[in-house]
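A structural walkthrough
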Amino acid sequence: MNWTLPDGSVFAGNDAAKAAVAARLDSGTLPHALLLEGPSGSGRRTLARLIAAAAVCRSDGDRPCGVCPACHKAPRSIHPDITELGGSEEARSFHIDAVRALREEAYILPNEAPVRVFILCDVQAMTDQAQNALLKLLEEPPAHVRLLLTCENRSQLLETVRSRLFSVTLGGIAPTEAVTVLRRHLPDRTEEELLRAATLWGGVVGQALRSLQDGSYRDILDLLPPIAQGIAASTELQLLKATAPLEKAKDAVPAVLNGLQLILRDALFCRYDCGPLISTSPESATLLAQNLTRQQLLAALDVIAELQAARARNINHTLFLTLLCSRLRQAAGK
Ligand SMILES: [Zn+2]
């Protein structure tokens, strides 16, 4: 498997996922249905397109070779045997009719390649009805069909669908690797700025890039110190006020949780008077170290993990924010 992307860069990080995919592609045992799960911005669609290109490539060597006629068409979205459906903009239209049409199309033999590849993006947006329609295809896929599905978390899919998919999980990459990718898109930003955004988004490059482009990462950086102060404050009101902006910024939550996790980690290091501190607000870490015991800091870190798991389960956002305030205050012994 060749991990070079159409822009000449290499698909970074996610070594376990890449090894799992390469083993199957190189041995000619790519499953009929592969699920790429991971947060938005972790490269699911990019990887799906690369796998699709490899599946239609006619080279006998490392695929996609980048030079054969199939490799010329695939990155331009003009290969007749690669179809892409779904994605965030079309999420609402990803209903049962689209899946029925896909099912009919799947039985048509490939035009040029040995296989027909269907990329279905953000399948968590499918209704149960649509998923059941897809199930019929998953149960008895034509030999020439390869389905590449993407979603945030496989738990969002029906168990019957999930059990028929071979899953590969993508996640954030090392912040330093993420900086290299970000710099290609934003060459005039400072190293510090890129590293801060990459760290805040846990190495999920797509989200770090978006927040650098629209400036929202600065808003998130500004939110963190008041939230840290709110955790240590004598009354609950301060934390409620500090988290209020999140009511309308659901997308910022993963970065806020990552940011808080790093501040709490730094606070523990402060208590032992050692470093280096890696969070975006050493002042907040110092404040928490002065006001919370070691046990309370560890309990707060457990709460962050619990909140991240709650998000993965698609918890209601208002309930999530209430939980964030109450559980963090509780952990801090307030
Ligand atoms: Zn090729």
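Residues numbered from 1 in each chain as written. Predicted model: local features only at pLDDT ≥ 70, side-chain atom pairs only at ≥ 80, totals over all residues.

Quick notes on the overall build of the protein chain
Filter applied, for reference: Only runs of H or I of at least four residues qualify as helices and only runs of E of at least two qualify as strands under DSSP, and these elements are numbered from the N terminus. The atom set for the radius of gyration is the C-alpha atoms, and the globule formula is 2.2 Å times the number of residues raised to the power 0.38. By the convention adopted here, residues are in contact when the distance between their C-beta atoms, placed from the backbone, does not exceed 7 Å.
The secondary structure content of the protein chain amounts to 15 helices and 5 strands. Relative to the compact-globule value of 20 Å for 334 residues, the protein chain shows a C-alpha radius of gyration of 22 Å, a close match. With respect to the principal axes defined by its C-alpha atoms, the protein chain has extents near 70 × 40 × 30 Å. Partitioning the intrachain contacts of the protein chain with sequence separation of at least 6 by distance along the chain shows that 70% fall at a separation of at least 24.

Examining the domain arrangement of the protein chain
In many reports, interface size means the accessible area that the parts give up when they come together. Quick note on the threshold: Note that the domain bounds were set by an automatic or database domain assignment. Each residue receives one of three labels: charged for Asp, Glu, Lys and Arg, nonpolar for Ala, Val, Leu, Ile, Met, Phe, Trp, Tyr, Cys and Pro, and polar for the others, Gly being one of them.
Domain annotation for the protein chain reports domain 1 (15-169) and domain 2 (215-331). Here domain 1 and domain 2 have C-alpha centroids that lie 37 Å from each other. Taken together, the 4 residues of domain 1 in the interface contact 4 residues of domain 2. Taken together, the residues that form the side of domain 1 that touches domain 2 break down as 1 nonpolar, 3 polar and no charged.

Notes on unusual backbone geometry
Here arginine 63 and proline 64 are connected by a cis peptide whose omega angle stands at -5°. Among the secondary structure elements, proline 64 is positioned in the loop between α2 (44-56) and α3 (69-73). Of note in the backbone geometry, aspartate 122 takes a positive phi value of approximately 55° without being a glycine.

Topic: the environment of leucine 165
With respect to the helices and strands, leucine 165 occurs in the loop between α6 (159-162) and β5 (166-169). Once residues within four sequence positions are removed from consideration, leucine 165 is found in contact with Ala33, Leu35 and Leu149.

So, the sheet that holds strand β4 (residues 145-151)
Condition: Paired strands, as defined in this entry, are two strands with at least two bridges between them according to DSSP. A fitted line through C-alpha atoms represents every axis, and for helices the fit uses only the stretch in contact; the resulting angles, taken between N-to-C directions, go from 0 to 180 degrees.
Spatial ordering of the open sheet is given by β2-β3-β4-β1-β5, a layout of 5 strands whose pairing is parallel. Strands at the two margins of the open sheet, each flanked by one partner only, are β2 (82-86) and β5. Between one strand axis and the next, the sheet turns through 20° on average, direction left out of account. Two strands pair when backbone bridges link them, and β2 and strand β3 (residues 116-121) are joined in this way by 5 bridges, in the parallel orientation. Counterpart to threonine 83 in the pairing with β3 is phenylalanine 118.

Quick notes on the pairing of β3
To be explicit about the condition: Working definition of burial: number of other C-beta atoms within 10 Å of the residue's own, with buried at 20 or more, exposed at 12 or fewer, and partly exposed in between, all C-beta atoms being placed from the backbone. For crossovers, right-handed means that the path from the first strand over the helix to the second runs clockwise, given strands pointing away from the viewer.
Most of β3 sits out of view: 6 of its 6 residues are buried. Residue alternation in β3 divides its side chains into two sets, Arg116, Phe118 and Leu120 and Val117, Ile119 and Cys121, and both sets are buried. Taking the sense of rotation as the criterion, the β-α-β connection linking β3, helix α5 (residues 128-139) and β4 turns out right-handed.

Here's the deal with the packing of helix α7 (residues 175-185) against helix α9 (residues 205-214)
The test is simple: Oblique is the label for any angle not covered by the other classes, which are roughly parallel (under 35 degrees), roughly antiparallel (over 145) and roughly perpendicular (65 to 115). Whether a crossing is left-handed or right-handed is set by the direction in which the near helix is turned from the far one by less than a right angle, anticlockwise for left-handed and clockwise for right-handed.
Running from N to C, α7 and α9 point in directions that differ by 45°, and their axes come no closer than 10 Å. One finds that α7 runs oblique with respect to α9. Viewed along their axes, α7 and α9 form a crossing whose handedness is right-handed. Across from Ala178, Val181, Leu182 and His185 in α7, the residues of α9 making contact are Val205, Ala208, Leu209 and Leu212. Looking at side-chain class alone, the contact of α7 with α9 contains 7 nonpolar, 1 polar and no charged residues.

Considerations on the nonpolar core
Convention followed: Remark: nonpolar core denotes a set of buried Ala, Val, Leu, Ile, Met, Phe, Trp, Tyr and Cys residues whose joining runs through C-beta atoms within 7 Å.
Of all hydrophobic cores here, the largest spans 47 residues; its most connected members are Ile51, Ala52, Val56, Leu148 and Leu149. Looking at this core, the elements that each hand over two or more residues are α1 (15-26), β1 (33-37), α2, α3, β3, α5 and β4. With 9 residues, α2 is the single largest residue contributor to this core. Val181, Leu209, Leu224 and Ala300 belong to the second largest nonpolar core, which has 46 residues in total.

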